[in-house]
Amino acid sequence: MELFEIMRQMPKDWEDAAGWDHYYTLFCESGYHLKELIATFDLMLVGDCLMTPQRSNPKIWFPGCGVTLVPRFCALGRFRVWASDISGVAIRVCKEMEKDLEKHEKLSAFAKPITEGELHFIQHDLRTPFVQGDFDYIVDVKTFQGLSSGSKAEAARVYRDSLTQGGQAVFVLVNVREEYHNEIKEIIERSGFHLTKREADAWFFSALGDTGIPYTRLDKRPCVRKDDERYTGAKGQLNQKRDQTKLDRLTREYQKRLDDEFRRLRQVSKETNTRIAYLRFWTG
Ligand SMILES: C[S@@+](CC[C@H](N)C(=O)[O-])C[C@H]1O[C@@H](n2cnc3c(N)ncnc32)[C@H](O)[C@@H]1O
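As the structure is a computational prediction, the values presented were derived from the model and not from experiment. Along each chain, residue indices are assigned from 1 in the same order as the chain's sequence is written. With pLDDT at 70 or above as the cut-off, local features in this predicted model cover only qualifying residues; side-chain atom pairs require 80 or more to be listed or tallied, and sums for whole chains, interfaces and linings still use all residues.

Peer 1: Quick question: what am I supposed to make of the overall build of the protein here?
Peer 2: The helix and strand labels rest on DSSP assignments: H or I over at least four residues marks a helix, E over at least two residues marks a strand, and numbering proceeds from the N terminus. Secondary structure assignment for the protein yields ten helices and nine strands. Radius of gyration here uses only the C-alpha atoms, and the compact-globule reference equals 2.2 Å multiplied by the residue count raised to the power 0.38. In terms of overall size, the protein behaves like a compact globule, its C-alpha atoms giving a radius of gyration of 21 Å where 284 residues would be expected to give roughly 19 Å. Buried, partly exposed and exposed are defined by the number of other C-beta atoms within 10 Å of a residue's own C-beta, namely 20 or more, between the two limits, and 12 or fewer respectively, with C-beta atoms placed from the backbone. The 284 residues of the protein split such that 30% are buried. Across the protein, contacts joining residues at least 24 apart in sequence account for 76% of those joining residues at least 6 apart. By definition, residues are in contact whenever their C-beta atoms, placed on the basis of the backbone, come within 7 Å of each other.

What follows is the structure, encoded as C-alpha cells:
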C-alpha cells in the first residue's frame, strides 16, 4: 500500500484508539516505520524549544508518541524517557523496534545501548493521570491539537500535574489554522500554565536580519553563507571573518538573554504556582 493511501487512514476522530491501532497496523506492516525517519523532522521541531535542564538526567514524557525514534534519541542523550500512546499497536511496535534496530539498514546507527538515560514505552490515555509524574519536560508533538476541547482541557491538567516545579510542557502544533490558536492558548493557560513567548528569539532573529549578513544556522550557531559573492575573491576571507565575528557576538548575547528569560520564567512559575508552556506553531 502506498504511503499516501495509509496516511488517509488516520482516524478522523483523534480519540479513536481502535482507529489508531488500524492505522499503525497498516503503516508498520508495510514497513514504513523502518523506512521513513519521521524522527528527524520531529527532532528539528522540538530541539530548540527545551529550556536549559535543572537536573543532569532530566525526566521527559512524550504523550501520544506514535512510532518515532525521538524518544530513543533523547534516551541516548542522557534523558530519562517515558513514551506513551493510547494505541497498543504503536507501543508494541516501539518495543519490538528496540529489539532489532541493528537489523535495519537505516536504523542501525541508532542501535547503541542506552547507558546514562532510560527508555520506557507504556500504553496510556493522556487524559488520565500518568503515574510517573515529576517530569522536567513534557513534549506533545501533533497529539494535543487533534483532541476535542474537553479532552484538551483534561490533557492540559494532566500535563500540568505531571510536571515538576519549573518544569516545561512543549506543544508542537503542525498545520493548525490561526483561528484555533487563541482557543488552544486559553485552554492551556486555564489549566495552570504560564505561556512563554521567547522574547530572546524575537530579539535574535530581528538582530540577525538587521546585520544584512547572509547566514545559515548550523547546530544553532548562525554561520555566514560562504557561497555569497562577498566572501569570494581577494577580500573574501577577511569579510567572512569580520561578519562571522559579528554573528558570534550576537549568538553569545542571545544565549545570555535566553538564560535570563528562563530564570525569570522559573521564578514566575514558582510565585504563581504555574508550570511553563511553550507553543510551537509550525506550518508545513
Ligand atoms: C498524529 S499522531 C502523532 C504521533 C507522534 N507524536 C508523531 O509526531 O508522529 C497522534 C497520536 O496521538 C495518539 N493519541 C490520540 N489520542 C490519544 C490519547 N487520548 N492518549 C494517548 N495518545 C493518544 C494516537 O494514537 C497517535 O499516535
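Additional details are given in the paragraphs that follow.
Peer 1: Looking at this model, I keep getting lost on the site of the ligand. Mind explaining?
Peer 2: Any residue qualifies as near a molecule or strand once its backbone-derived C-beta atom lies within 6 Å of it. Among the 20 residues in the neighbourhood of the ligand, the closest are listed as Trp20, Gly64, Gly66, Ile86 and Val141. Each residue belonging to the shell around the ligand can be placed in one class, and the counts come to nine nonpolar, five polar and six charged. In the scheme used here, Gly and all other residues not listed as nonpolar or charged are polar, with Ala, Val, Leu, Ile, Met, Phe, Trp, Tyr, Cys and Pro taken as nonpolar and Asp, Glu, Lys and Arg as charged.

Peer 1: Sorry if this is basic, but what is going on with the pairing of strand 5 (residues 163–174) here?
Peer 2: Across a regular strand the side chains alternate sides, sitting on one face of the sheet and then on the other. Here six bridges tie strand 4 (residues 135–141) to strand 5, and the two strands are oriented parallel to one another. By the bridge assignment, Phe135 is partnered in strand 5 with Leu163. Handedness is read with the strands pointing away from the viewer; a crossover is right-handed when the path from the first strand over the helix to the second is clockwise. As for the winding sense of the linkage, the β-α-β connection from strand 4 through helix 7 (residues 149–162) to strand 5 is right-handed. One requirement defines pairing of two strands: DSSP has to find at least two bridges between them. By the bridge criterion, seven bridges tie strand 5 to strand 9 (residues 275–282) in an arrangement that is parallel. Note on strand 9: the bridge partner recorded for Gln168 is Ile276.

Peer 1: Explain the domain arrangement of the protein here, please?
Peer 2: By convention, interface size is frequently given as the accessible area that disappears when the constituent parts associate. An automatic or database domain assignment supplies the residue ranges for each domain. Here the protein is described as being made up of domain 1 (39–196 + 273–282) and domain 2 (200–269). Between domain 1 and domain 2, the residue contacts involve nine residues of the former and six residues of the latter. Residue assignment for the side of domain 1 that touches domain 2 shows that the elements contributing at least two residues are strand 5 and strand 9.

Peer 1: Looking at this structure, how should I read the nonpolar core?
Peer 2: By convention in this section, buried Ala, Val, Leu, Ile, Met, Phe, Trp, Tyr and Cys residues joined through C-beta atoms within 7 Å make up a nonpolar core. Counting 53 residues, the largest nonpolar core has Tyr24 and Ile60 as the members making the most contacts within it. Once you skip the residues sitting within four places of it in the chain, Tyr24 turns out to touch Val67, Ser87, Val89, Ala90 and Val93.

Peer 1: Is there a simple way to explain the environment of Asp125 in this structure?
Peer 2: With respect to the secondary-structure elements, Asp125 resides in the loop between strand 3 (118–123) and strand 4. According to the C-beta neighbour criterion, Asp125 is partly exposed, with 17 such atoms within 10 Å. As a C-alpha pair, Asp125 and Asp85 span 40 residues in sequence and 6.7 Å in three-dimensional space.

Peer 1: Sorry if this is basic, but what is going on with unusual backbone geometry here?
Peer 2: Comment: phi is negative for the bulk of residues other than glycine, and the bulk of peptide bonds are trans. Of note, Arg78 is a non-glycine position whose phi angle comes to about 80°, a positive value. Within the secondary structure, Arg78 sits in the loop between helix 5 (70–76) and strand 2 (80–85). Even without being glycine, Asn273 reaches a positive phi, approximately 50°. The topology assignment puts Asn273 in the loop between helix 10 (236–271) and strand 9. Of the residues examined, Asn273 has 9 C-beta atoms within 10 Å and is grouped as exposed.

Peer 1: I keep staring at the sheet that holds strand 3 and nothing clicks. Help me out?
Peer 2: Across a sheet, strands are paired by hydrogen bonds formed along the backbone, either parallel or antiparallel in direction. Pairing is parallel in the open sheet, where seven strands are placed in the order 3-2-1-4-5-9-6. Every interior strand has two partners, whereas the edge strands, strand 3 and strand 6 (193–195), have only one. On average, each strand axis in the sheet is inclined to that of its neighbour by 20°, with strand direction left out of account. Pairing analysis gives six bridges linking strand 2 to strand 3, with the strands arranged parallel. Paired with Arg80 across the bridge in strand 3 is Glu118. As a rule, the C-alpha atoms of each element are fitted with a line to give its axis, helices using only the stretch in contact, and angles between N-to-C directions run from 0 to 180 degrees.

Peer 1: Can you walk me through the packing of helix 9 (residues 199–211) against helix 10 in this structure?
Peer 2: For any two helices packed against each other, the geometry is given by the interaxial angle and the distance between the axes. Where helix 9 contacts helix 10, the two axes come as close as 9 Å, and the packing angle between them is 165°. As judged from the angle between their axes, helix 9 and helix 10 are roughly antiparallel. The hand of the helix 9/helix 10 crossing is right-handed. Contacts between helix 9 and helix 10 involve Glu199, Ala200, Trp203, Phe204, Ala207, Leu208 and Thr211 on the former and, on the latter, Lys246, Leu250, Tyr254, Arg257, Leu258 and Glu261. Residues that form the contact of helix 9 with helix 10 fall into these classes: eight nonpolar, one polar and four charged. These descriptions rest on fixed angle ranges, namely under 35 degrees for roughly parallel, over 145 for roughly antiparallel, 65 to 115 for roughly perpendicular, and the rest for oblique. In this scheme the crossing of two helices becomes right-handed for a clockwise turn of the near helix relative to the far one and left-handed for an anticlockwise turn of less than a right angle.

Peer 1: Even after reading the chapter, I still don't get helix 10, so can you show me in this structure?
Peer 2: Residue pairs spaced three or four apart in an α-helix point in one direction, given the helix's 3.6 residues per turn. Multiplying 1.5 Å by the residue count of a helix minus one yields the expected span of that helix. The end-to-end C-alpha distance of helix 10 is 52 Å, a good match for the 52 Å that 36 residues give at a rise of 1.5 Å each. Trailing helix 10 by a residue or two, Asn273 shows a phi angle of about 50°, which is positive.

Peer 1: Where do I start with the environment of Arg230 in this structure?
Peer 2: By the element assignment, Arg230 lies in the loop between strand 8 (221–224) and helix 10. Residue Arg230 is classed as partly exposed on the basis of its C-beta count, with 14 C-beta atoms lying within 10 Å.

Peer 1: Help me understand the environment of Glu118, please; the structure alone is not making it clear to me.
Peer 2: Inspection of the secondary structure puts Glu118 in strand 3. Each C-alpha atom, one on Glu118 and one on Ile6, is 32 Å from the other, the two residues being 112 residues apart in sequence. Setting aside residues up to four positions removed in sequence, Glu118 forms contacts with Ala75, Arg80 and Val81.

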